[in-house]
Amino acid sequence: MSTPFALVYELFLQQIADYEFAKLAPEDMEYNMERWLRAAITKFSFDCRANLGDRDMILKQFNANLTELEQQILANQMVVEWLSPKIRTSELIKQSMSDKDFKLYSLVIELIDRF
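Reading the values: the criteria
- Residues numbered from 1 in each chain as written.
- Predicted model: local features only at pLDDT ≥ 70, side-chain atom pairs only at ≥ 80, totals over all residues.
- Heavy atoms only, no water.
- Helix = DSSP H or I, 4+ residues; strand = E, 2+ residues; numbered from the N terminus.
- Buried < 20%, exposed > 50% of the residue type's maximum accessible area, 1.4 Å probe, protein only.
- Contact = heavy atoms within 4.5 Å.
- Areas by Shrake-Rupley, 256 points an atom, 1.4 Å probe, with all protein chains shown as cover.
- Expected span 1.5 Å × (residues − 1).
- Core = buried A, V, L, I, M, F, W, Y, C linked by side-chain atoms within 4.5 Å.
- Phe/Tyr/Trp six-rings, centres within 6.5 Å; stacked < 30°, edge-to-face > 60°.

**Q** It is not clear to me how the overall build of the chain should be interpreted in this structure. Could you clarify?
**A** Looking only at helices and strands, one finds five helices and three strands in the chain. Beginning at the N terminus, the succession of helices and strands in the chain can be written as β-α-α-α-β-β-α-α. Classification of the 115 residues of the chain by burial places 32% in the buried group. Within the chain, contacts between residues separated by at least 24 positions form 63% of all contacts whose residues are at least 6 apart in sequence. Of the accessible surface of the chain, which amounts to about 8,100 Å², a share of 57% is contributed by carbon and sulfur atoms.

**Q** Mind showing me how you'd approach helix α3 (residues 26–44) here?
**A** Three or four residues apart is the spacing at which side chains of an α-helix point the same way, because the helix has 3.6 residues per turn. In a regular helix each residue adds 1.5 Å, so 19 residues correspond to 27 Å; α3 covers 26 Å between its end C-alpha atoms and thus fits that length. Residues of α3 that are buried: Met-29, Asn-32, Met-33, Glu-34, Trp-36, Leu-37, Ala-39, Ala-40, Ile-41 and Phe-44.

**Q** Is there a simple way to think about the nonpolar core in this case?
**A** Looking at soluble globular proteins, one finds that nonpolar side chains tend to be buried together. Grouped together as the largest cluster of nonpolar side chains are 25 residues, with contacts concentrated most on Phe-12, Met-33, Leu-37, Leu-52, Phe-62, Leu-74 and Met-78. Among the secondary structure elements, those contributing two or more residues to this core are α1 (5–13), α3 and α4 (68–95). Take this core: its biggest share by element is seven residues, from α3. Discounting chain neighbours no more than four positions away, the residues touching Met-33 are Tyr-9, Phe-12, Leu-13, Phe-21 and Met-78.

**Q** Looking at this model, I keep getting lost on the packing of aromatic side chains. Mind explaining?
**A** Pairs of aromatic rings are described using the distance from one ring centre to the other and the angle between the two planes. Tallying each qualifying case throughout the model produces five aromatic pairs. A ring pair is formed by Phe-5 and Phe-62, whose centres lie 4.9 Å apart and whose planes are at 65°; its orientation type is edge-to-face. Taken as a pair, Phe-5 in helix α1 and Phe-62 in strand β3 (residues 61–62) lie far apart in primary sequence, 57 residues in all. Between the aromatic rings of Phe-21 and Trp-36, the centroid separation amounts to 5.4 Å while the plane-to-plane angle is 50°, which identifies the pairing as tilted. Taken as a pair, Phe-21 in helix α2 (residues 19–22) and Trp-36 in helix α3 lie far apart in primary sequence, 15 residues in all. Site record: aromatic cluster; members linked through ring pairs are Phe-5, Tyr-9 and Phe-62.

**Q** Is there a simple way to think about the side chain of Asn-32 in this case?
**A** Examined against the element boundaries, Asn-32 turns out to sit in helix α3. Once residues within four sequence positions are removed from consideration, Asn-32 is found in contact with Phe-21 and Leu-24.

Written as structure tokens, this is what we have:
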């Protein structure tokens, strides 16, 4: 049996709320999710019972039947990959500002995101 990437993507999408990502064209969304999935695979493949390296990139599927737990672990790691650049950017901004300036900046960004 096989496990389509789409099952892992669905679990990933259930865990994030990113309106900018949702505005992307479907092929751009899939391109990004595939990049995050590949990164997630490298971080999980040593502890996974299934051979995550055995996959069909044309059919977009793992050739193994992944358990629900394995799918969820990959989706969780995809969230980490999706979130990492956002955290790094925030950390860099914070390092270049005083605490007071950063709090003001964060408030302004939050207000902008609401509108």
